[in-house]
Amino acid sequence: MANRGRTWRARRRARGDVEQKLEELAARLRAAEDQLDILRLLNRYGPLVDSGSAAEAADLWVAGGGYDFTGVTGDGTRVEAPRGLAALYQTDVHTDLVATGVAHLTARPHITLHGETADAVGYSLVIRREDDHWYLWRAAINHWALARTADGWRITERYNRVLDGSLESRATMRRILADP
Amino acid sequence: MANRGRTWRARRRARGDVEQKLEELAARLRAAEDQLDILRLLNRYGPLVDSGSAAEAADLWVAGGGYDFTGVTGDGTRVEAPRGLAALYQTDVHTDLVATGVAHLTARPHITLHGETADAVGYSLVIRREDDHWYLWRAAINHWALARTADGWRITERYNRVLDGSLESRATMRRILADP
Amino acid sequence: MANRGRTWRARRRARGDVEQKLEELAARLRAAEDQLDILRLLNRYGPLVDSGSAAEAADLWVAGGGYDFTGVTGDGTRVEAPRGLAALYQTDVHTDLVATGVAHLTARPHITLHGETADAVGYSLVIRREDDHWYLWRAAINHWALARTADGWRITERYNRVLDGSLESRATMRRILADP
């Protein structure tokens, strides 16, 4: 009986061990999936805004989420999702971009996961057509604050500053130092 | 005995549970690997065509696969793999690009997996040298149809339209709406 | 008894099977994580050098690691980490870039894993501001040799050649052929 008790305890231990390994693998896999899912979300932005899909682009944000950006000069403006953002992508300036040919490129950002929220820091480019070639109309650094929702990852706040050497643009780049 | 029967059934249930969790993890991991493998395949394109490795570039497609593209103007032309594509990368236009300095950049596309096939939608740039700087000779949106083969993922069809505001270019961008 | 012995062996086999499957999944997951971790390391480079974070940028390399690069013309120079590299990012040329507005973009490279070391081959761009737009000041092909350290993945050697059609630049692109 002592023997059988030991065997049973050994088996329970082995099973507990397997359960723990399964949980560890699932947690690691979840972290890899989160990174791929966030990249996927951010990769939807370009084709949506560049094809004039205003409402679908605004839905990459949570309702009440914001996009704070500068033009080449001037202070930031915060536009709110979904209505403000959808309206932004229906302005004459934007529909003219769509009609001429444009790509809003999101370079692979640096992602930091915090369980149910995440941060991403990286560059974005706006590429426009002019006659028979294309040029960089805009280059910027971005900080996206993200949250896991019932519908998957969504943007809560996007902060964007053009690359003009400003303190704000460099402070945004340095956000990656918070996560070495 | 009734007791031992219960134990045995409990154990079988626990083991079945573990098997099921293992299968679920394996399926999720496979989806992450598929995304990484497809990115890897598409990332081979640039260095191959830009170094004049014509045959190796053509082998990113399945035999009989196609590449349908436009120049800055004009309708699309479909070139077939591997012979037509290898010939394309040996034309004077292309070997002149290679000799001058060029990068065919594939921006991270939006990938949708369907088990043994997949779709990817994203931007591509052709960057050329001119004197002491580089410029965007071409910017386009692409739809890649992909298939898992015995040799890994391969392109079955690539559809490419320059960013000139055309209906075709915008419809290609909107393909990502099929997979929210 | 013979019956119980068979059951025990079957159970041991089933458990061994589970252990093996767990190990296989862990190894596959590790390969996916390694790719994501290497991309994460290389994605830190831009925001660090573009914000003038010289020491932190140099720490992406192992101590004694090197960066061998060319300007638009001329032979390669190898600068050593961490001191030489930190000094490079504090030169007038570099601090002028930071003050004007710049992005060192690392396009997604082609990664090959070899257990404790890895290779990555891919393009990099330096985007500079000039008045109200940005332009490609530099476009290059890179080969990064990487090693897993106690602090995670680090660069051991980075070899960089501008895209000017040189034999060296094309040989660097062709390094991906070593891993089909």
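Per an unreviewed UniProt entry, chain A carries the name Nuclear transport factor 2 family protein and comes from Frankia nepalensis.

The partner chain A presents 38 residues to the 36 residues of chain B that form the contact. Overall, the association of chain B and chain A removes approximately 3300 Å² of surface from exposure, summing both partners, and the carbon and sulfur fraction of that is 64%. For chain B, the biggest contributors to the area lost against chain A are Arg 108, Tyr 123 and Leu 136 of chain B; these three give 19% of the whole. Between chain B and chain A we count two salt bridges in total. In this structure, the salt-bridge partner of Glu 19 of chain A is Lys 21 of chain B, at a minimum N-O distance of 3.2 Å. Linking chain B with chain A are eleven residue pairs in polar contact (both at pLDDT 80 or more), by the criterion used here. It is helix α1 (residues 2-50) of chain B that contributes the most residues to the side of chain B that touches chain A, twelve residues altogether. For the side of chain B that touches chain A, the per-class residue count stands at 22 nonpolar, four polar and ten charged.

Time to look at the relation of the copies chain B and chain A. For the match of chain B to chain A, the screw axis carries a shift of 0.0 Å, the RMSD comes to 0.0 Å, and the turn is 120 degrees. What we have between these two chains is a three-fold relation.

Turning our attention to the packing of aromatic side chains. In this description, a pair of aromatic rings is defined by centroid distance and the angle of the planes. Under the defined criterion, the tally for this structure stands at twelve aromatic pairs over all chains. Each ring, one from Tyr 67 of chain C and one from Phe 69 of chain C, has its centre 4.8 Å from the other, and the planes form 45 degrees; the classification is tilted. According to the relative accessible area criterion, Tyr 67 of chain C is buried, its value standing at 6%. Among the aromatic residues, those joined into a ring-pair cluster are Tyr 45, Trp 61, Tyr 67, Phe 69 and Tyr 89 of chain A. Across from the ring centre of Tyr 45 of chain A, 4.9 Å away, lies the NZ or CZ of Arg 158 of chain A, which sits over that ring.

Basis of the calculations
- Residues numbered from 1 in each chain as written.
- Chains lettered and ligands numbered in written order.
- Predicted model: local features only at pLDDT ≥ 70, side-chain atom pairs only at ≥ 80, totals over all residues.
- Heavy atoms only, no water.
- Contact = heavy atoms within 4.5 Å.
- Buried area = accessible area lost by both parts, 1.4 Å probe.
- Salt bridge = Lys/Arg side-chain N within 4 Å of Asp/Glu carboxyl O.
- Polar contact = N/O pair within 3.5 Å; in protein donor to acceptor, adjacent residues only side chain to side chain.
- Helix = DSSP H or I, 4+ residues; strand = E, 2+ residues; numbered from the N terminus.
- Nonpolar A, V, L, I, M, F, W, Y, C, P; charged D, E, K, R; others polar.
- Least-squares fit on C-alpha atoms with pLDDT ≥ 70 in both.
- Phe/Tyr/Trp six-rings, centres within 6.5 Å; stacked < 30°, edge-to-face > 60°.
- Buried < 20%, exposed > 50% of the residue type's maximum accessible area, 1.4 Å probe, protein only.
- Lys NZ or Arg CZ within 6 Å of the ring centre and 35° of its normal.

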